[in-house]
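Examination of the molecular architecture
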Amino acid sequence: MVSKFFAFLDRMKLIGRWSLMRNTTTEDVAQHTMQVAVIAHALCVIENTLYGGEYDAEKAAVLALYHESAEVVTGDLPTPVKYYDSDINRAYKNIEDRAERKLIDTLPSELKAAFAHCVQPDKNSAEYKMVKRADKLSALVKCVEELAVNNTEFKNAYESTVADLEKAEERSVKYFMDVFLPAYSMSLDYLLD
């Protein structure tokens, strides 16, 4: 049997993000996924090191690598559309669930159990919740980068994303925003200084 699983995942690089907004820099789902994995790992490490957390940072990074896998079937639906109302959101979650199951079904039977928890994780796990925080932080990073080059198209997205993240219970989120986020608006000269 030839499995299509990894060929499907490789198509994340073909799916553009922020499609309804003017972008100075394009971003695809593969780039986004890598950034979310790095941030999710960092949030867990920060929480464990500074605040006595017990997160599995490596598990969070792996969950982040697969967190957008359904989009190889569904494409990227912009957030304002996805959350326009509860009916649309419920329908999209159903489509996403079916896409994830379709993706899992492309695996050889002997590997399905090993990858199923990556593609369809326990959404109540502490690590998955950290991935969701990292996903929001990734969106905030995009807003900061765009605003740094005077692209005001991202002003409202920035404000609403900050408001959402300020509600986060995990202290690592505020730490990341205070300590690491400001550098995302720096030029290379400042980063190297």
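Everything in this summary refers to the structure shown in the same document.

Cut-offs applied
Residues numbered from 1 in each chain as written. Predicted model: local features only at pLDDT ≥ 70, side-chain atom pairs only at ≥ 80, totals over all residues. Heavy atoms only, no water. Helix = DSSP H or I, 4+ residues; strand = E, 2+ residues; numbered from the N terminus. Rg over C-alpha atoms; globule rule 2.2 N^0.38 Å. Buried < 20%, exposed > 50% of the residue type's maximum accessible area, 1.4 Å probe, protein only. Areas by Shrake-Rupley, 256 points an atom, 1.4 Å probe, with all protein chains shown as cover. Lys, Arg positive; Asp, Glu negative; His and termini not counted. Charge placed at Lys NZ, Arg CZ, Asp CG, Glu CD. Expected span 1.5 Å × (residues − 1). Contact = heavy atoms within 4.5 Å. Polar contact = N/O pair within 3.5 Å; in protein donor to acceptor, adjacent residues only side chain to side chain. Core = buried A, V, L, I, M, F, W, Y, C linked by side-chain atoms within 4.5 Å. Phe/Tyr/Trp six-rings, centres within 6.5 Å; stacked < 30°, edge-to-face > 60°. Axes fitted to C-alpha atoms, helices over the stretch in contact; angles between N-to-C directions. Parallel < 35°, antiparallel > 145°, perpendicular 65-115°, else oblique. Left-handed = near helix turned anticlockwise from the far one by under 90°. Nonpolar A, V, L, I, M, F, W, Y, C, P; charged D, E, K, R; others polar.

**Things to note about the overall build of the protein chain**
Counting secondary structure elements, the protein chain contains 11 helices and 0 strands. Secondary structure elements in the protein chain, listed N-terminal to C-terminal, are α-α-α-α-α-α-α-α-α-α-α. Computed over the C-alpha atoms, the radius of gyration of the protein chain is 17 Å, within 12% of the 16 Å expected from 2.2 N^0.38 for a compact globule of 193 residues. Along the first, second and third principal axes, the C-alpha set of the protein chain runs to 55 × 40 × 35 Å. Split into buried and exposed, the 193 residues of the protein chain put 40% on the buried side. Total accessible area on the protein chain is roughly 11,300 Å²; 54% of this is exposed by carbon and sulfur atoms. If you average the places of the 23 positive and of the 31 negative side-chain charges in the protein chain, the two averages end up 6 Å apart.

**Remarks on unusual backbone geometry**
Unusually for a residue other than glycine, tryptophan 18 sits at a positive phi of about 60°. The class for tryptophan 18 is buried, based on a relative accessible area of 16%. Here asparagine 150, not a glycine, exhibits a phi torsion of approximately 65°, which is positive. Locating asparagine 150 in the fold gives a position in the loop between helix 8 (126-148) and helix 9 (155-165). The class of asparagine 150 is exposed, set by a relative accessible area of 67%.

**Some remarks on helix 2 (residues 29-51)**
Here helix 2 is 23 residues long and its end C-alpha atoms lie 31 Å apart, about the 33 Å a rise of 1.5 Å per residue gives. When we look at burial in helix 2, the residues that qualify are Val29, His32, Thr33, Gln35, Val36, Ala37, Ile39, Ala40, Leu43, Cys44, Ile46 and Glu47. Check the buried side of helix 2 and you find it contacts helix 3 (57-66), helix 4 (71-74), helix 8 and helix 10 (171-179). With a side-chain oxygen lying 3.0 Å from the backbone nitrogen of alanine 30, the N-terminal cap of helix 2 falls on aspartate 28. Directly beyond the C-terminal end of helix 2, a positive phi value near 70° is found at glycine 52.

**Side note on the nonpolar core**
Core analysis: the biggest nonpolar cluster contains 26 residues, and Leu43, Leu137, Leu140 and Met177 have the highest contact counts within it. Listing elements by their share of this core, those giving two or more residues are helix 2, helix 3, helix 8, helix 9 and helix 10. Top contributing element to this core by residue count: helix 8, with 8 residues. Leave out the neighbours within four places in its chain, and leucine 137 touches Ile39, Leu43, Leu165, Phe176 and Met177. By size, the runner-up hydrophobic cluster in this structure holds 13 residues, among which are Leu9, Ile15, Val29 and Val119.

**Re the packing of aromatic side chains**
Applying the stated rule across the entire model yields 8 aromatic pairs. Aromatic side chains phenylalanine 5 and phenylalanine 115 sit 5.4 Å apart centroid to centroid with 50° between the ring planes, which places their arrangement in the tilted category. Of this pair, phenylalanine 5 sits in helix 1 (residues 5-10) while phenylalanine 115 is found in helix 7 (residues 109-119), placing the two residues 110 residues apart along the sequence. For the residue pair phenylalanine 5 and phenylalanine 115, the accessibility class agrees, reading buried in each case. Each member of the aromatic cluster is reached from another via a ring pair, and the members are Phe5, Phe6, Tyr66 and Phe115.

**Structural notes on the packing of helix 3 against helix 8**
It is the contact of helix 3 with helix 8, at a shortest axis distance of 9 Å, that shows an interaxial angle of 55°. The pairing of helix 3 with helix 8 is recorded here as oblique in orientation. Crossing of helix 3 over helix 8 shows right-handed handedness. Along the contact surface, helix 3 presents Lys59, Ala60, Leu63 and Ala64, while helix 8 presents Glu127, Tyr128 and Val131. Its residues placed into classes, the contact of helix 3 with helix 8 shows 5 nonpolar, no polar and 2 charged.

**So, the side chain of glutamate 127**
Counting through the fold element by element, glutamate 127 comes out in helix 8. What glutamate 127 contacts, discounting residues up to four positions off in sequence, is Glu54, Tyr55, Asp56, Lys59, Ala60 and Leu63.

Honestly, it's all geometry; don't read function into it.
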